[in-house]
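Structure at a glance
Residue strings, one per chain:
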Amino acid sequence: MHQTKNDLPENVRAAIVKILDARLADGIDLHGQVKHAHWNVKGPNFIALHELFDSVAEHVACGVDDLAERAVQLGGVADGLLGSVVKRSSLKSPSVDLPDGRAHVEAVSLSLAAYGAKVRAAIDEADKLGDKDTADLFTEVSRAVDKDLWFVEAHLR
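A brief structural summary. (Residues numbered from 1 in each chain as written. Predicted model: local features only at pLDDT ≥ 70, side-chain atom pairs only at ≥ 80, totals over all residues. Heavy atoms only, no water.)

**Concerning the side chain of D131**
Here is the rule: Runs of E in the DSSP output that reach at least two residues are strands. Runs of H or I that reach at least four are helices, and both are numbered from the N terminus. In the analysis that follows, any N or O atom pair within 3.5 Å is treated as a polar contact, provided that within protein one partner can donate a hydrogen and the other can accept it, and provided that, for residues neighboring in sequence, both atoms belong to side chains. By definition in these notes, contact holds between two residues if any of their heavy atoms fall within 4.5 Å.
With respect to the helices and strands, the residue D131 is situated in the loop between helix 4 (101–128) and helix 5 (132–153). Within polar-contact distance, the side chain of D131 engages the side chain of R70 at 3.1 Å. A distance of 2.5 Å separates polar atoms of two side chains, one belonging to D131 and the other to T134. Leaving out residues up to four positions away in the same chain, D131 has contacts with L8, I16, R70, L74 and A126.

**Topic: the packing of helix 4 against helix 5**
So the rule is basically this: Here, axes are lines fitted to C-alpha atoms. For helices the fit covers the stretch in contact, and angles between N-to-C directions go from 0 to 180 degrees. What sets the label is the angle itself: under 35 degrees gives roughly parallel, over 145 gives roughly antiparallel, 65 to 115 gives roughly perpendicular, and the rest give oblique. It is the rotation of the near helix from the far one that decides the hand of a crossing: anticlockwise by less than a right angle makes it left-handed, clockwise makes it right-handed. Three classes are used, and their members are as follows: Ala, Val, Leu, Ile, Met, Phe, Trp, Tyr, Cys and Pro are nonpolar, Asp, Glu, Lys and Arg are charged, and the others, Gly among them, are polar.
With their axes 8 Å apart at the nearest point, helix 4 and helix 5 run at an angle of 160 degrees to one another. Taken together, the axes of helix 4 and helix 5 lie roughly antiparallel to each other. Here helix 4 and helix 5 pass one another in a crossing that is left-handed. Class assignment for the residues of the contact of helix 4 with helix 5 results in 15 nonpolar, 5 polar and 6 charged.

**A few points about the packing of aromatic side chains**
Rules: Only rings of Phe, Tyr and Trp enter the pairing, Trp through its six-membered ring, and a pair is recorded when the two centres are within 6.5 Å. The plane angle decides the type: under 30 degrees is stacked, over 60 is edge-to-face, the rest tilted. Type-normalised accessible area, obtained with a 1.4 Å probe on protein chains alone, sets the label of each residue: buried when under 20%, exposed when over 50%, and partly exposed for intermediate values.
One pass over the full model with this rule turns up 1 aromatic pair. The interplanar angle of 50 degrees and the centroid separation of 5.0 Å between the aromatic rings of W150 and F151 together place this pair among those described as tilted. Here F151 falls in the partly exposed class, since its relative accessible area comes to 37%.

**Section: the environment of L20**
The topology assignment puts L20 in helix 1 (residues 10–40). By relative accessible area, which is 1% here, L20 ends up buried. Along the sequence, L20 and D79 sit 59 residues apart, while their C-alpha atoms lie 9.9 Å from each other. Ignoring sequence-local partners within four residues, the contact set of L20 consists of L67, R70, A71, L74, T134 and F138.

**Focus: the nonpolar core**
Put simply, the rule is: Buried Ala, Val, Leu, Ile, Met, Phe, Trp, Tyr and Cys residues that are joined via side-chain atoms within 4.5 Å together make up what is termed a nonpolar core.
Core analysis: the largest hydrophobic core is formed by 39 residues, its most contacted members being F53, L112, Y115 and F138. At 10 residues, the largest contribution of residues to this core is made by helix 2 (residues 46–73).

**Examining the pattern of salt bridges**
The condition that has to hold: Criterion for a salt bridge: a side-chain nitrogen of Lys or Arg within 4 Å of a carboxyl oxygen of Asp or Glu.
Under the defined criterion, the tally for this structure stands at 7 salt bridges. Taking the shortest distance from any N to any O, the salt bridge between D26 and R23 comes out at 2.6 Å. Of the two residues, D26 and R23 are both situated in helix 1; the distance of 3 residues between them amounts to about one turn of the helix. A single burial state applies to D26 and to R23, both of which are buried. Here D127 makes a salt bridge to K132, at a shortest N to O gap of 2.7 Å. Judged by relative accessible area, D127 falls into the partly exposed class, the value being 36%. By sharing partners, the salt bridges in this structure join D21, D79 and R88 into a single network.

**Considerations on helix 5**
Just so we agree on the cut-off: One less than the residue count of a helix, multiplied by 1.5 Å, gives the span that helix is expected to have.
Over its 22 residues, helix 5 runs 31 Å from end to end, which matches the ideal 32 Å to within 8%, given 1.5 Å per residue. Of the surrounding secondary structure, the elements contacted by the buried residues of helix 5 are helix 1, helix 2 and helix 4. Capping of helix 5 at its N-terminal end is provided by D131; its side-chain oxygen lies 3.3 Å from the backbone amide nitrogen of D133.

**A short note on the environment of R102**
Within the secondary structure, R102 is located in helix 4. Exposure remark for R102: the relative accessible area of 51% places this residue in the exposed category. Counting along the chain gives 61 residues from R102 to V41, while the straight-line C-alpha distance between them is 8.9 Å. Contacts of R102, omitting those with residues within four sequence positions, involve H155 and L156.

In C-alpha cells, the structure reads:
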C-alpha cells in the first residue's frame with residue numbers, strides 16, 4: 001500500500017483493494033469475452049448483436065476503469081496485467097468457436113450474470129468494511145451490468 005491522506009484506516013483500505021482487485025480481474029476477463037463475441041458473432045442478427053456486444057464491452061470497460069482507479073486512490077495497485085487476470089478471474093470462459101449468435105448471447109449472458117452476482121456481493125463487503133464510497137461504486141457498476149444483462153437476455157426470448 002502506498003501512502004495517502006485518505007482517512008479510511010489502512011487495514012480497511014487494504015481489504016477494499018483486495019476486493020476491488022478481484023472484481024477488476026473479473027471485469028477485464030468479461031470485457032475480453034464480450035469483445036470476443038463482438039468479433040465472432042454470425043447469423044441473421046449479426047449487426048444487432050455485433051453492435052450490442054460492442055456497447056456492452058464499452059460499459060464494462062468504463063466500470064473496470066472506475067474499479068482500477070478506486071484501488072489506486074486507496075493506496076493499492078490496480079493489477080490489470082493479462083497474466084494476473086488469467087490467474088485471478090473467477091469467470092468461466094466460453095468456448096472459442098461458438099456456432100451462432102444465440103450461442104454467443106447465451107455465453108455473454110452467463111458471464112454478465114456471474115459478474116453481476118460478484119459485484120453485488122462486493123457492495124455488501126465494502127459496506128460492512130465501512131467504505132460507503134466503494135459500495136456506491138460497486139452499486140453503479142452493478143446497475144450497468146444488470147441493464148446490459150437485460151438487453152442481452154432479450155435476444156434469448
